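# Results of the structural survey
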Amino acid sequence: MALFTCCFEPVEFPEFLDTFVQKCTDPSCCCGCCSALRPRYKRLVDNIFPVNSEDGLVKSNMEKLTFYSLSSPDKLDRIGEYLYQKASKDINRKRYKFVEIAMEAMDNLLQACHAQTTLNLFVESFLRMVQKLLEDSNPNLQILATNSFVKFANINEDTPSYHRRYDFFISKFSSMCHGNNDNIELRDSIRLAGIKGVQGVIRKTVSDDLVENIWEKQHMEKIVPSLLFNMQSGDLTPVEDATVVTPPVLAEEVLRELVGRASFGHIRSVLKPLLTHLDRHELWVPNTFAIHTFRIVMISIQPQYSYTVVETLMQHLDNNFKSSPKTRTSLAVVLSKIIAIAAGESVGPSALDIINNLLTHLRTSVSTTTEITPEESQYQEALINALGEFANHHPDYQKIEIMLFIMNTVPDLSKKSKGDQMLQNILLKSLLKVGTQYSTTSFEKAFPASFLQPLLKMARAPHDPTRIIVMQIFQSLLDRHQNEKVLSTVSIKPYAALSQETPSRSDIIFTHKYGANIMQALIDSMALSEKLDSLTSSYNTAALLIVEMACGETVQEFLLFILGIQQVATTSDDLSNIHKCCLHIIAIALLTLTARVTGINNLLEYAQKIIEDRKQEATYLLPPLLDSKKSNKSYNLNLPHLAIDKMALAECLQNAGMDFNRLQTGVPYALNQIDNPGHRHSWVESVSNHMTHRNSSADLTAYNADADSISSSPGVSKKALAPEYTVDAMKRYLAEPPESVKREQQEKQKQIVRAFRESDFEDLMKRTEPKHDVIQNRLNDLFNSLSIDNKTPQNAANQNEKPIYETNFPELFYY
């Protein structure tokens with residue numbers, strides 16, 4: 001090692017003259033005059049260092065160095081390189097105080113000269129110096145270097161940088177985030193420095209496309225787990241003192257910033273290492289941290305990209321289909337907690353895509369398990385809750401679309417296997433979840449025909465749980481005044497807390513249009529099972545229907561419905577006595593409710609009279625419903641004087657000054673009656689209903705020729721015209737009593753039924769084929785007469801012309 005060194009370096013001549021008279025300050029210099037040959041920037045750099053390191057940076061000399069740097073920006077790169085060399089020597093000699101002074105000088109120059117165009121050359125020396133400090137094992141130097149890098153990261157550079165790379169800084173800062181020093185304070189300081197460094201790299205690279213692409217897989221797999229590691233080590237409850245910055249708090253802030261800066265193409269780069277970290281560290285069960293993390297992601301992400309998070313989480317759920325039910329349940333719960341945030345931004349196909357994915361997971365859960373365990377049931381409930389949360393944040397018109405979409409995925413009722421029944425129940429539960437989120441204002445909008453028709457078909461399902469869920473769907477959509485719980489028990493006593501409102505005109509029209517179909521489905525549902533829960537659910541639906549729609553214009557339909565329930569109990573031979581008793585109980589309870597809802601006192605008095613008579617002779621025909629499991633008695637049902645009488649109901653309406661013709665002439669609703677013939681549809685509805693509902697196996701005897709057109713003329717019964725349009729036929733028709741006409745119509749109806757049942761197919765074709773020959777003959781005669789008239793001379797035509805009163809009119813104009 002040389003004992004002496006020389007400060008001489010070749011310099012330009014002007015600088016040599018400027019510095020000739022100054023002495024060398026290096027004590028190891030071989031002579032005292034060679035300092036005159038040293039560059040000025042080196043002397044200025046040397047002068048900022050004190051003789052005693054404890055004294056710190058020499059401020060006055062630092063100002064001179066700064067002024068020189070601003071005056072000669074081309075010397076910045078040399079100044080930075082010289083500072084780096086001096087700091088490297090001091091690090092090797094363990095003179096850390098001088099290293100801190102050099103780093104402070106670097107920071108001051110960086111802040112003062114950041115507007116210079118030549119800053120890039122100085123930055124290279126600066127980053128080399130930061131890297132040199134980070135590579136040292138001294139934690140204080142690492143923290144110092146990190147703070148300097150953060151200051152640099154906050155500077156907005158105007159000139160692009162083509163050759164910078166931050167691989168080392170990403171790796172080093174990520175490793176600092178996992179610091180495990182025994183000293184807790186020093187450990188937290190190192191971790192905070194690492195998190196700040198990661199934040200600085202993010203800020204420096206995200207806004208500059210020419211530097212390192214931080215969204216690459218190898219970088220995200222270091223940054224995201226480092227942030228999550230610090231987040232999971234802290235308490236999730238909010239800190240009271242917001243000024244205290246801890247590693248978990250700062251890591252959460254950096255994660256928010258990272259997710260917020262991510263574009264659509266980069267958000268998956270953040271989510272994949274996040275999911276991998278949760279899998280490797282088994283943070284799904286319990287899922288408190290997972291929910292907290294994904295909420296941060298959903299709140300921080302740009303709103304238009306939130307759907308991507310839900311889609312990625314669903315794909316992860318697909319990949320974990322072989323995982324334990326607890327893990328899948330936790331994943332589904334996390335999905336349910338965040339899916340509501342994404343619901344507001346997903347419309348149209350994306351909304352139905354999410355619904356379809358959730359339904360696919362439900363179908364997969366049912367198809368892959370032979371028995372539904374409690375854990376699997378919790379998983380399915382979590383998926384259904386996620387579906388409900390998603391639908392809840394959509395407008396009502398989209399909820400109807402979602403319900404239609406779910407209804408179309410329900411398996412056909414003809415499939416009676418256990419798996420299909422389970423899937424039916426699961427899908428209907430999801431439909432119910434959406435229905436409970438829907439706030440009904442108009443029944444016409446809540447029950448479109450495309451949705452109501454399959455729902456009524458499901459109401460006739462042979463499986464009891466399926467029917468109960470369908471009834472619950474009806475109840476959630478019918479119950480506009482929160483009466484469902486009040487009407488959950490069959491009773492003849494007044495309901496104290498019943499809320500009621502007069503139905504609107506649109507509701508009345510809906511009742512006339514579809515009320516018959518709903519009530520016929522309810523009758524079929526009641527007749528299918530004698531179980532209490534099934535009957536009670538059907539009663540609840542019927543009671544809500546009456547409370548929401550019953551008024552003076554619709555009361556006759558509901559009375560026919562009640563009579564139909566009683567008729568099933570009276571005429572059906574397939575029902576047990578207990579089942580028949582329950583139907584009688586439901587009929588009298590609904591009659592009492594109808595009388596109270598409509599305010600018809602005569603009707604209520606009649607219902608009370610029946611109730612009093614039953615109390616004396618047959619209490620088993622009054623609420624509560626009879627349980628077949630607890631009662632084995634034989635009940636006498638041959639008590640016609642205790643039944644509800646149709647004519648008595650019509651008389652009650654007549655005494656109340658209301659229309660009663662529909663009730664008097666109409667037929668009570670019957671079992672297995674697809675459409676109500678008493679309702680007057682338009683010809684379009686009639687044709688469409690006939691084409692969609694009627695089939696060749698339908699019972700032709702169910703046809704009823706009694707049309708409701710008499711409703712347009714109150715008090716007048718419309719009579720059918722005779723087939724012969726002659727005066728004698730009309731006189732005979734007017735003279736005959738109505739009974740004979742009815743018998744004649746019944747006989748003709750029987751002949752038609754017999755003909756269609758017993759005749760051959762060829763005969764039926766001949767009977768029903770159109771008579772085109774008659775029309776063709778008429779047209780031929782007409783054309784012949786026109787051709788003859790054209791050939792006849794005008795005078796001959798005048799001679800042969802007949803008087804107008806002798807003109808023969810076709811049969812079409814006969815009266």
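Reading the values: the criteria
- Residues numbered from 1 in each chain as written.
- Predicted model: local features only at pLDDT ≥ 70, side-chain atom pairs only at ≥ 80, totals over all residues.
- Heavy atoms only, no water.
- Helix = DSSP H or I, 4+ residues; strand = E, 2+ residues; numbered from the N terminus.
- Buried < 20%, exposed > 50% of the residue type's maximum accessible area, 1.4 Å probe, protein only.
- Contact = heavy atoms within 4.5 Å.
- Phe/Tyr/Trp six-rings, centres within 6.5 Å; stacked < 30°, edge-to-face > 60°.
- Salt bridge = Lys/Arg side-chain N within 4 Å of Asp/Glu carboxyl O.
- Core = buried A, V, L, I, M, F, W, Y, C linked by side-chain atoms within 4.5 Å.
- Axes fitted to C-alpha atoms, helices over the stretch in contact; angles between N-to-C directions.
- Parallel < 35°, antiparallel > 145°, perpendicular 65-115°, else oblique.
- Left-handed = near helix turned anticlockwise from the far one by under 90°.
- Nonpolar A, V, L, I, M, F, W, Y, C, P; charged D, E, K, R; others polar.
- Polar contact = N/O pair within 3.5 Å; in protein donor to acceptor, adjacent residues only side chain to side chain.
- Expected span 1.5 Å × (residues − 1).
- pLDDT = per-residue confidence, 0-100.
- Patch = residues over 30% accessible without salt bridge, like charges linked within 9 Å, V, L, I, M, F, W, Y side chains within 5 Å.
- Areas by Shrake-Rupley, 256 points an atom, 1.4 Å probe, with all protein chains shown as cover.

## What about the overall build of the chain?
Helices and strands together make up the secondary structure of the chain, namely 35 helices and zero strands. Taking all 815 residues of the chain together, the buried fraction comes to 46%. Expressed as a percentage of contacts within the chain between residues at least 6 apart in sequence, the contacts between residues at least 24 apart total 72%.

## Remarks on the packing of aromatic side chains
Evaluation of the coordinates by the stated rule reveals 18 aromatic pairs. A centroid spacing of 6.3 Å and a plane angle of 25 degrees characterise the contact between Trp284 and Phe294, whose relative ring orientation is stacked. With Trp284 in the loop between helix H12 (267-280) and helix H13 (288-300) and Phe294 in helix H13, this pair connects stretches of sequence that are ten residues apart. Phe294 shares its class with Trp284; the two are buried. Ring-pair connections join several aromatic residues into one group, and the members of that group are Phe126, Phe149, Phe152, Tyr166, Phe168, Phe169 and Phe173.

## Digging into unusual backbone geometry
Both trends apply: most residues other than glycine have a negative phi, and most peptide bonds are in trans. Along the chain, Val285 connects to Pro286 via a cis peptide bond; the corresponding omega equals -5 degrees. Relative to the helices and strands, Pro286 resides in the loop between H12 and H13. Cis rather than trans, the peptide bond between Pro623 and Pro624 has omega equal to 5 degrees. With respect to the helices, strands and loops of the structure, Pro624 is situated in the loop between helix H27 (601-617) and helix H28 (646-655). Its identity is not glycine, yet Lys94 carries a phi of approximately 65 degrees, on the positive side.

## Notes on the pattern of salt bridges
Evaluated as defined, the whole model comprises 24 salt bridges. Between Lys86 and Asp46 there is a salt bridge; the shortest N-O distance is 3.4 Å. Linking Lys86 in helix H4 (residues 76-92) with Asp46 in helix H2 (residues 40-47), this pair joins segments that are 40 residues apart in sequence. Owing to a relative accessible area of 22%, Lys86 belongs among the partly exposed residues under this scheme. Asp46 sits in the buried class, given a relative accessible area of 17%. Residues Lys151 and Asp107 are paired through a salt bridge, measuring 3.8 Å at the closest nitrogen-oxygen approach. You can see Lys151 sitting in helix H7 (residues 139-153) and its partner Asp107 sitting in helix H5 (residues 96-112), a full 44 residues away along the chain. A relative accessible area of 42% means that Lys151 is categorised as partly exposed. On the accessibility criterion, Asp107 (8% relative accessible area) is buried. A cluster of three or more residues bridged by salt bridges with shared partners is formed by Arg203, Glu257 and Arg261.

## Some remarks on the environment of Leu275
Along the chain, Leu275 falls in helix H12. For the pair Leu275 and Ala290, spaced 15 residues apart in sequence, the C-alpha to C-alpha distance is 9.2 Å. Those residues in contact with Leu275, other than ones at most four positions away along the chain, are Trp284, Phe294, Thr312, Leu313 and His316.

## As for the nonpolar core
Counting residues in hydrophobic clusters, the biggest one holds 219 residues, and the most contacted among them are Phe294, Phe447, Phe561, Leu590 and Ile644. When residues of this core are assigned to their parent elements, the largest contribution, 14 residues, is made by helix H26 (residues 577-598). Once you skip the residues sitting within four places of it in the chain, Phe561 turns out to touch Met519, Leu522, Ile523, Met526, Ala542, Leu590 and Tyr669.

## Some points on the packing of helix H10 (residues 217-232) against H12
The N-to-C vectors of H10 and H12 enclose an angle of 50 degrees; their axes lie 9 Å apart at closest approach. Relative to H12, the element H10 lies oblique. The two elements H10 and H12 meet at a crossing, and its hand is right-handed. Taken together, the residues of H12 that come into contact with H10 (itself represented by Met220, Glu221, Val224, Pro225, Leu228, Phe229 and Gln232) are Ser269, Val270, Pro273, Leu274 and His277. Each residue belonging to the contact of H10 with H12 can be placed in one class, and the counts come to eight nonpolar, three polar and one charged.

## Overview of the environment of Val150
With respect to the helices and strands, the residue Val150 is situated in helix H7. For Val150, a relative accessible area of 19% puts it in the buried group. Not counting chain neighbours up to four residues away, the residues in contact with Val150 comprise Lys196 and Gly197.

## Here's the deal with H28
Since one α-helical turn is 3.6 residues long, residues separated by three or four positions face the same way. When H28 is considered as a whole, its buried residues turn out to be Ala648, Leu649, Ala650, Cys652 and Leu653. Along its buried surface, H28 packs onto helix H25 (555-571), H26, H27 and helix H29 (661-665). Where H28 begins, one side-chain oxygen reaches toward the backbone nitrogen of Met647, 3.4 Å away; that side chain belongs to Asp645. In the segment just after H28, Gly657 is the residue with positive phi, at about 75 degrees.

## Notes on the environment of Ala618
Note that Ala618 resides in the loop between H27 and H28. Here Ala618 falls in the buried class, since its relative accessible area comes to 0%. Note: C-alpha distance between Ala618 and Leu642 (24 residues apart in sequence) is 8.5 Å. Not counting residues up to four positions away in its chain, the partners in contact with Ala618 are Asp613, Leu639 and Leu642.

## Things to note about helix H11 (residues 247-261)
In this model H11 runs 21 Å from its N-terminal to its C-terminal C-alpha over 15 residues, within 8% of the 21 Å that 1.5 Å per residue would give. Inspection of H11 places Pro247, Pro248, Leu250, Ala251, Glu252, Val254, Leu255, Glu257, Leu258 and Val259 among the buried residues, and these make up the whole buried set. If you follow the buried residues of H11, they end up packed against helix H9 (184-206), H10, H12 and H13.

## Some words on the packing of H12 against helix H14 (residues 306-319)
The N-to-C vectors of H12 and H14 enclose an angle of 40 degrees; their axes lie 11 Å apart at closest approach. On the basis of their axis angle, the class for H12 and H14 is oblique. The two elements H12 and H14 cross, and the hand of that crossing is right-handed. Across the interface between the two elements, Ile267, Arg268, Leu271, Leu275 and Asp279 from H12 touch Thr308, Val309, Glu311, Thr312, Leu313, Gln315 and His316 from H14. Its residues assigned to classes, the contact of H12 with H14 shows five nonpolar, four polar and three charged.

## Examining the confidence of the model for the chain
Across the chain, pLDDT averages 80, with 78% of residues at or above 70. Counted against residues more than four places away or in other chains, residues 1-5, with its pLDDT under 50, gives eight contacts. Contacts from residues 13-25, a stretch scored under 50 in pLDDT, to residues over four places away or in other chains number 26 contacts.

## Some remarks on a nonpolar patch on the surface
A cluster of nonpolar residues, Leu779, Leu782, Phe783 and Leu786, forms a patch on the protein surface that exposes about 370 Å² of accessible area. Inspection of the secondary structure assignment puts Leu782 in helix H34 (residues 772-791). Judged by its relative accessible area of 45%, Leu782 falls in the partly exposed class.

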